[in-house]
Amino acid sequence: MKNILKWVRPNISKLKPYASARDEFKGEANVFLDANENPFDRDGLNRYPDPLAIAVKEKLAILRGVPVEQIFLGNGSDEAIDVLMRIFCEPKKDAVLVLPPTYGMYQVSADINNVAVRAVCLTPDFQPDTEGVLEMADKNTKILFLCSPNNPSANSFEVAKMRYLIEKFEGIVVVDEAYIDFSASESAVQWLTAYPNLVVMQTFSKAWGLAGIRLGMAFASPEIIALMNKVKPPYNVNALTQQRALKSLEKPKKIQKEVAKIIEERQKMILKLQALPIVAHIYPSDANFILVKMAQNATDIYKKLLEKGIVVRNRATVTLCGDCLRITIGKPKENKALVLAFVEFGEKGIEKED
Ligand SMILES: *Cc1c(COP(=O)(O)O)cnc(C)c1O
């Protein structure tokens with residue numbers, strides 16, 4: 001078994017965390033004079049929230065089959081990424097490893113923390129080059145980010161490749177599962193008992209339809225979660241977010257139905273778009289978006305779409321994504337508008353007028 005504690009920055013190992021009023025007192029009481037709050041009620045919002053959002057975690061624990069002490073909640077997944085870097089990566093000394101084309105936040109978070117980023121490109125079918133990754137890693141490479149399903153390519157990585165990397169990589173492996181609910185492949189959450197160096201990230205921003213509340217989850221060994229809770233700001237998940245998440249967690253069936261609809265719509269979009277000459281290729285999708293290689297200049301098409309008030313993500317300048325647009329699956333009416341625009345561009349051409 002790997003001992004993850006040896007990879008922790010010394011200042012974090014030694015850190016004595018801030019003990020909030022709500023941390024120190026956990027029993028039953030009805031007179032709260034400990035936190036300098038305003039005593040006049042505002043739907044309970046005059047009180048500080050639960051620093052560990054235990055009620056939310058208890059619901060998640062049942063839903064995902066993971067004990068509460070193996071769940072971290074943050075202000076979006078972005079906070080989980082940042083907290084992990086601050087636990088394991090010594091600025092100007094350590095590095096993280098990413099597999100482009102991938103989610104941009106790993107790089108940004110590393111840049112903010114003054115942590116080097118090493119990159120090993122995915123293979124042309126958007127799978128990890130496992131031997132390349134292991135060759136690139138050295139003793140200062142503390143975190144490996146695997147995004148599966150991957151943004152922007154939309155595919156899942158092969159399970160065998162991911163497990164091989166988690167086993168062989170001498171550091172923390174983060175599997176970012178922001179899109180797992182749209183995927184047919186198994187979640188890495190099931191592997192947690194086997195790998196103490198594994199962190200699985202999920203989010204309320206995509207399938208759960210709650211990007212606005214900013215709530216991200218990380219599942220990992222109790223040792224890693226304890227470190228994350230020690231480093232995070234004391235009240236990082238606010239009371240409104242906790243309330244809204246709880247409400248949503250009571251109705252997981254509703255989310256499953258929406259996800260099924262989005263997957264159905266994704267299949268329809270693939271069939272419709274594939275038939276258009278303006279589309280060169282659609283990559284396999286396990287997410288709520290598709291990566292589409294255009295038969296003409298993608299940036300010109302992107303601009304023409306904007307003129308019609310349709311925004312997609314231009315990925316034309318990204319590694320392995322030449323002339324690609326990333327298109328989110330929307331409501332049927334929105335998807336139709338995009339197909340119609342592509343049909344029109346095909347008929348009229350998209351020559352730039354000067
Ligand atoms: C959208 C997305 C997230 C979500 O980030 P939040 O901060 O939770 O909104 C995480 N990872 C990837 C790869 C994403 O595409």
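As a reminder, the structure under discussion sits directly above these lines.
Residues numbered from 1 in each chain as written. Predicted model: local features only at pLDDT ≥ 70, side-chain atom pairs only at ≥ 80, totals over all residues. Heavy atoms only, no water.

Explain the sheet that holds strand 8 (residues 279-282) to me, please; I cannot follow it from the model alone.
For sheets, the rule is that strands pair by backbone hydrogen bonds, running either parallel or antiparallel. Spatially, four strands are ordered 8-9-11-10 in an open sheet, and the strand pairing comes out antiparallel. Looking at strand neighbours, the two that pair on one side only are strand 8 and strand 10 (313-314), the edges of this open sheet. Both strand 10 and strand 11 (residues 324-328) contribute to a ladder of two bridges, which runs antiparallel. Among the inter-strand pairings, asparagine 314 is bridged to a residue of strand 11, identified as leucine 325. Where helix 12 (residues 332-348) meets the sheet, it contacts strand 8, strand 9 (289-294) and strand 11, and its direction lies at approximately 155° from that of strand 11. (Pairing = 2+ DSSP bridges. Helix = DSSP H or I, 4+ residues; strand = E, 2+ residues; numbered from the N terminus. Contact = heavy atoms within 4.5 Å. Axes fitted to C-alpha atoms, helices over the stretch in contact; angles between N-to-C directions.)

Any chance you could explain the packing of helix 4 (residues 77-88) against helix 5 (residues 105-112) here in plain terms?
Each pair of packed helices gets described by two things: the angle between the helix axes and the distance between those axes. Orientation of helix 4 relative to helix 5, taken along the N-to-C sense of each, is 45°, at an axis distance of 10 Å. As far as their axial angle goes, helix 5 and helix 4 are oblique. Crossing angle aside, the handedness with which helix 4 passes helix 5 is right-handed. Contacts from Asp78, Ile81, Asp82 and Met85 of helix 4 reach helix 5 at Met105, Tyr106, Ser109 and Ala110. In the contact of helix 4 with helix 5, the residues fall into five nonpolar, one polar and two charged. (Parallel < 35°, antiparallel > 145°, perpendicular 65-115°, else oblique. Left-handed = near helix turned anticlockwise from the far one by under 90°. Nonpolar A, V, L, I, M, F, W, Y, C, P; charged D, E, K, R; others polar.)

Please explain the nonpolar core as it appears in this structure.
Where a protein is soluble and globular, its nonpolar side chains tend to be buried together. Ranked by size, the top nonpolar core spans 52 residues in total, and within it Leu144, Leu146 and Phe204 carry the most contacts. Ranked by size, the runner-up nonpolar core spans 32 residues in total, among them Trp7, Ala110, Ala218 and Ile224. (Core = buried A, V, L, I, M, F, W, Y, C linked by side-chain atoms within 4.5 Å. Buried < 20%, exposed > 50% of the residue type's maximum accessible area, 1.4 Å probe, protein only.)

Help me out: how do you make sense of the sheet that holds strand 4 (residues 141-147) in this one?
Spatial ordering of the open sheet is given by 1-7-6-5-4-2-3, a layout of seven strands whose pairing is mixed. The open sheet has two free edges, formed respectively by strand 1 (71-74) and strand 3 (116-119), since each of these has just one partner strand. Adjacent strand axes in the sheet meet at a mean angle of 25° when their direction is disregarded. Pairing between strand 1 and strand 7 (residues 216-220): four bridges, direction antiparallel.

Looking at this structure, how should I read the packing of aromatic side chains?
Describing an aromatic ring pair means giving the distance of the ring centres and the angle of the ring planes. Tallied over the full model, the rule gives seven aromatic pairs. Measuring from centroid to centroid gives 4.5 Å for tyrosine 48 and tyrosine 235, while their planes differ by 20°, and the two rings are stacked. Within this pair, whereas tyrosine 48 is found in the loop between helix 2 (21-24) and helix 3 (54-64), its partner tyrosine 235 is found in the loop between helix 8 (222-231) and helix 9 (239-249), the two being separated by 187 residues in sequence. A centroid spacing of 5.0 Å and a plane angle of 75° characterise the contact between tyrosine 179 and phenylalanine 289, whose relative ring orientation is edge-to-face. Within this pair, whereas tyrosine 179 is found in the loop between strand 5 (172-176) and strand 6 (198-203), its partner phenylalanine 289 is found in strand 9, the two being separated by 110 residues in sequence. A single burial state applies to tyrosine 179 and to phenylalanine 289, both of which are buried. Among the aromatic residues, ring-to-ring pairing joins Tyr103, Tyr106 and Phe145 into one connected group. (Phe/Tyr/Trp six-rings, centres within 6.5 Å; stacked < 30°, edge-to-face > 60°.)

What's the story with the packing of helix 11 (residues 298-307) against helix 12 in this structure? I'm lost.
The N-to-C vectors of helix 11 and helix 12 enclose an angle of 120°; their axes lie 11 Å apart at closest approach. Comparing the axis directions of helix 11 and helix 12 gives the class oblique. Regarding helix 11 and helix 12, the two cross each other, and that crossing is right-handed. Facing Ile301, Lys304 and Leu305 of helix 11, the residues of helix 12 in contact are Leu338, Ala341, Phe342 and Phe345. Its residues assigned to classes, the contact of helix 11 with helix 12 comprises six nonpolar, no polar and one charged.

What is the right way to read the pattern of salt bridges from this model?
Once the charged atoms of two side chains with opposite charge are near each other, the side chains can pair. Tallying each qualifying case throughout the model produces 13 salt bridges. For arginine 64, the salt bridge is made with aspartate 181, and the minimal N-O distance between the two is 3.3 Å. Residue arginine 64 is found in helix 3, and its partner aspartate 181 is found in the loop between strand 5 and strand 6; the two are separated by 117 residues along the sequence. Aspartate 181 gets classed as partly exposed once you look at its relative accessible area, which sits at 28%. Linking lysine 142 and aspartate 94 is a salt bridge whose minimum nitrogen-to-oxygen distance equals 2.9 Å. (Salt bridge = Lys/Arg side-chain N within 4 Å of Asp/Glu carboxyl O.)

Honestly, the site of the ligand in this entry has me stumped. Any pointers?
Near the ligand lie 13 residues; those nearest to it are Tyr179, Thr203, Ser205, Lys206 and Arg214. One of the side-chain nitrogen or oxygen atoms of threonine 203 is found 2.7 Å away from an oxygen atom of the ligand. Relative to its unbound accessible surface of 390 Å², the ligand loses 94% to contact with the protein. Tallied by class, the residues present in the shell around the ligand amount to four nonpolar, five polar and four charged. (Near = heavy atom within 4 Å. Polar contact = N/O pair within 3.5 Å; in protein donor to acceptor, adjacent residues only side chain to side chain. Areas by Shrake-Rupley, 256 points an atom, 1.4 Å probe, with all protein chains shown as cover.)

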